[in-house]
Amino acid sequence: MLMKLLVFTTLYPNAAQPHHGLFVEKRLLELIRRYPCDVRVVAPVPWFPRWLGGGRYAAFARVPRRETRSGVEISHPRYLVVPKLTWRFAPLMLVLGALRTVRGLRRQGFAFDLIDAHFVFPDGVAAQMLGGLCGVPVCITARGSDINDSPRYWLPRRMIRWAMSRAKTLIAVSGELAAKIRALTDTPPVVHVLPNGVDRGRFFPRPEAALRERLGAAGPIVLSVGNLRELKGHDILIRAVATLPGVSLIIIGTGEEETNLNRLITQLGVADRVRLLGAVDNAELPAYYNAADVFALASSSEGCPNVVLEAIACGTPVVATAVGAIPELVPSSCLRLLVQGRTPTAFAEALRTCLDDPPAAAELHARAETFGWDTTCERLRTILVDSAA
């Protein structure tokens with residue numbers, strides 16, 4: 001009999017936001033491609049009263065109530081959000097918004113065996129509440145900010161500890177996150193460390209002279225991929241590259257820091273060498289990784305960043321801050337390229353070292369083999385089956 005799996009997360013791609021939470025969808029699709037199971041996704045989206053002004057939440061109004069992606073049925077119930085007022089109570093809002101949908105699935109005959117939740121707060125806390133109401137076990141995957149940031153606040157920390165103590169299974173995408181989870185409780189729980197996987201059929205070394213020519217970069221190219229948010233440290237990379245004559249920086253991503261970053265580029269006079277490309281289709285990313293001489297990531301915190309795995313799989317060396325799972329992903333021979341100081345000077349030095357003496361592409365690609373989806377999904381299936389038992 002096929003396992004019936006309910007995936008619960010606020011971060012999942014949809015028709016209006018096709019790049020929203022691609023890594024969550026990718027894990028699910030890779031799993032069910034290898035190990036078929038009956039799956040439904042409940043991915044709540046925030047609802048904000050129009051009379052209070054929509055702001056960035058107005059975009060969620062375009063998300064359909066129901067849709068199908070890659071053969072998976074997805075429901076998008078709404079939950080109330082009042083910015084700066086209710087985020088600490090987001091788990092309760094999620095339960096109130098999603099409970100009718102979840103119970104409706106059961107009435108329609110989808111008697112799910114397990115809730116697979118992504119992000120401990122608020123999603124995992126809400127999923128544990130829903131699991132309790134439905135009498136179903138819950139598996140929660142911690143991915144980064146949910147453990148790095150949310151526990152700093154008293155009420156979310158209490159909720160996180162409550163959910164972790166009752167979840168059937170806990171997964172962390174890095175050893176660092178697993179250690180932080182154990183440190184949150186008086187009785188450390190069992191945490192399975194399961195890094196993200198990488199599609200080595202798409203991400204592998206290849207020549208990309210055509211893209212380099214199209215980008216118009218005559219010298220070395222540094223690439224960074226990530227949302228334009230302060231914690232990603234794109235400003236650090238811009239300042240670092242400004243001190244490296246002839247080196248170009250390509251940044252792929254969108255976000256609230258775009259205006260500030262453009263202003264910085266103008267101030268430093270590097271508009272001819274630093275470009276913000278905005279969103280790039282995921283299918284085109286392998287070409288950019290291969291066109292780059294170095295991939296750089298200056299984040300202040302991370303979970304298990306797919307972009308690092310993708311770069312390594314393409315044989316592109318990585319210069320990054322030593323946070324999250326990054327030290328676990330980067331080959332030991334490349335540890336000199338992990339930046340401790342997170343300053344423009346430190347990144348400039350590491351980038352110059354990497355450009356002058358890059359590690360072998362074959363060595364990096366071989367490292368990515370240990371993070372292939374076959375291995376990841378085999379372990380994930382075992383964890384989920386045991387959790388549903």
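Our structure is the block above this text.
All of these numbers come straight from a predicted model, not from anything done at the bench. (Residues numbered from 1 in each chain as written. Predicted model: local features only at pLDDT ≥ 70, side-chain atom pairs only at ≥ 80, totals over all residues. Heavy atoms only, no water.)

As for the overall build of the chain
When its secondary structure is counted, the chain shows 15 helices and 16 strands. For 389 residues, the compact-globule estimate of 2.2 N^0.38 gives 21 Å, and the C-alpha radius of gyration of the chain, at 21 Å, lies within 12% of that figure. Projected onto its principal axes, the C-alpha positions of the chain cover 65 × 50 × 40 Å. The buried share of the chain, taken over its 389 residues, is 56%. Within the chain, contacts between residues at least 6 apart in sequence are counted, and of these 72% link residues at least 24 apart. (Helix = DSSP H or I, 4+ residues; strand = E, 2+ residues; numbered from the N terminus. Rg over C-alpha atoms; globule rule 2.2 N^0.38 Å. Buried < 20%, exposed > 50% of the residue type's maximum accessible area, 1.4 Å probe, protein only. Contact = heavy atoms within 4.5 Å.)

Considering the environment of Tyr289
Secondary-structure assignment places Tyr289 in helix α10 (residues 285-291). In this structure, Tyr289 is in contact with Phe203, Leu223, Val225, Phe295, Val307, Glu310, Ala311, Cys314 and Thr316, ignoring residues within four places of it in sequence.

Describing the packing of helix α2 (residues 90-107) against helix α3 (residues 120-134)
Here α2 crosses α3 at 45°, and the two axes come no closer than 9 Å. The pairing of α2 with α3 is recorded here as oblique in orientation. Taken as a pair, α2 and α3 cross one another with a handedness that is right-handed. In this structure, α2 contributes Ala90, Pro91, Leu94, Val95, Ala98, Leu99, Val102, Arg103 and Arg106 to the contact, and α3 contributes Phe121, Pro122, Asp123, Val125, Ala126, Met129, Leu130, Leu133 and Cys134. Residue classes in the contact of α2 with α3 are distributed as 15 nonpolar, no polar and three charged. (Axes fitted to C-alpha atoms, helices over the stretch in contact; angles between N-to-C directions. Parallel < 35°, antiparallel > 145°, perpendicular 65-115°, else oblique. Left-handed = near helix turned anticlockwise from the far one by under 90°. Nonpolar A, V, L, I, M, F, W, Y, C, P; charged D, E, K, R; others polar.)

Overview of the environment of Ala90
Tracing the backbone through its elements, the reader meets Ala90 in helix α2. A relative accessible area of 13% means that Ala90 is categorised as buried. Counting along the chain gives 66 residues from Ala90 to Pro156, while the straight-line C-alpha distance between them is 9.4 Å.

Considering helix α5 (residues 154-166)
An ideal rise of 1.5 Å per residue puts 18 Å on 13 residues; α5 measures up with 19 Å between its terminal C-alpha atoms. When we look at burial in α5, the residues that qualify are Pro156, Met159, Ile160, Ala163 and Met164. Buried positions in α5, seen along its axis, are confined to an arc of 130° and lie on one side of it. Within α5, the exposed residues directed more than 90 degrees away from the buried face are Trp154 and Ser165. For α5, the elements touching its buried residues are α2, α3, β8 (138-142), α4 (145-148), β9 (169-172) and α6 (175-183). (Expected span 1.5 Å × (residues − 1). Arc of directions from axis to C-beta.)

Section: the packing of aromatic side chains
Per the counting criterion, the structure on display carries four aromatic pairs. Pairing Phe23 with Phe119 gives two aromatic rings, centres 6.3 Å apart and planes at 65°, and the pair type is edge-to-face. Of this pair, Phe23 sits in helix α1 (residues 22-34) while Phe119 sits in the loop between β7 (114-118) and α3, and the two are 96 residues apart along the sequence. Take Phe23: its relative accessible area is 27%, and that puts it in the partly exposed class. Judged by its relative accessible area of 13%, Phe119 falls in the buried class. Plain terms: the ring middles of Tyr289 and Phe295 are 5.7 Å apart, the flat faces sit at 55° to each other, and that makes the pair tilted. Using a relative accessible area of 0% as the deciding quantity, one classes Phe295 as buried. An aromatic cluster of at least three residues, connected via ring pairs, comprises Phe203, Tyr289 and Phe295. The ring centre of Phe110 lies 4.6 Å from the NZ or CZ of Arg40, which sits over that ring. Its guanidinium or amino end placed over the ring of Phe112, Arg106 lies 5.1 Å from that ring's centre, counting from NZ or CZ. (Phe/Tyr/Trp six-rings, centres within 6.5 Å; stacked < 30°, edge-to-face > 60°. Lys NZ or Arg CZ within 6 Å of the ring centre and 35° of its normal.)

Section: the pairing of strand β1 (residues 4-8)
Most of β1 sits out of view: four of its five residues are buried. Assessed by its sense of winding, the connection that carries the chain from β1 through α1 to strand β2 (residues 38-42) is right-handed. The pairing of β1 with β7 spans four bridges and is classified as parallel. In the sheet register, Leu6 faces β7, and the bridge partner there is Ile115. (Right-handed = clockwise from strand over helix to strand, strands pointing away. Pairing = 2+ DSSP bridges.)

Digging into the sheet that holds β8
Spatial ordering of the open sheet is given by β4-β5-β2-β1-β7-β8-β9-β10, a layout of eight strands whose pairing is mixed. Lying at the two open borders of the sheet, with one neighbouring strand each, are β4 (66-69) and β10 (191-193). Averaged over all pairs of adjacent strands, the angle between strand axes in this sheet comes to 25°, irrespective of strand direction. In this sheet, β10 lies alongside β9 in parallel orientation, the contact comprising three bridges. When the bridges of β10 are listed, Leu170 appears paired with Val191. In this fold α6 packs onto β8, β9 and β10, with an angle of close to 170° to the strand it touches most, β10.

Regarding the state of the cysteines
Tallied over the entire structure, the rule returns zero disulfides. We note that Cys37 lacks a disulfide partner, and the nearest cysteine sulfur, in Cys377, lies 10 Å from it. Look at Cys37 and you get buried, because its relative accessible area is 14%. (Disulfide = S-S within 2.5 Å.)

A closer look at the sheet that holds strand β12 (residues 248-252)
In spatial order, the strands read β13-β12-β11-β14-β15-β16; together these six strands make up an open sheet with parallel pairing. Single-partner strands in this sheet number two, and they are β13 (274-278) and β16 (338-339). Two strands pair when backbone bridges link them, and strand β11 (residues 221-225) and β12 are joined in this way by five bridges, in the parallel orientation. Residue Ser224 lies in a different strand from β12, and its bridge partner there is Ile251. Sitting on the sheet, helix α13 (residues 344-356) touches β11, β14 (294-297), β15 (318-321) and β16, and the angle it makes with β15 is about 160°.

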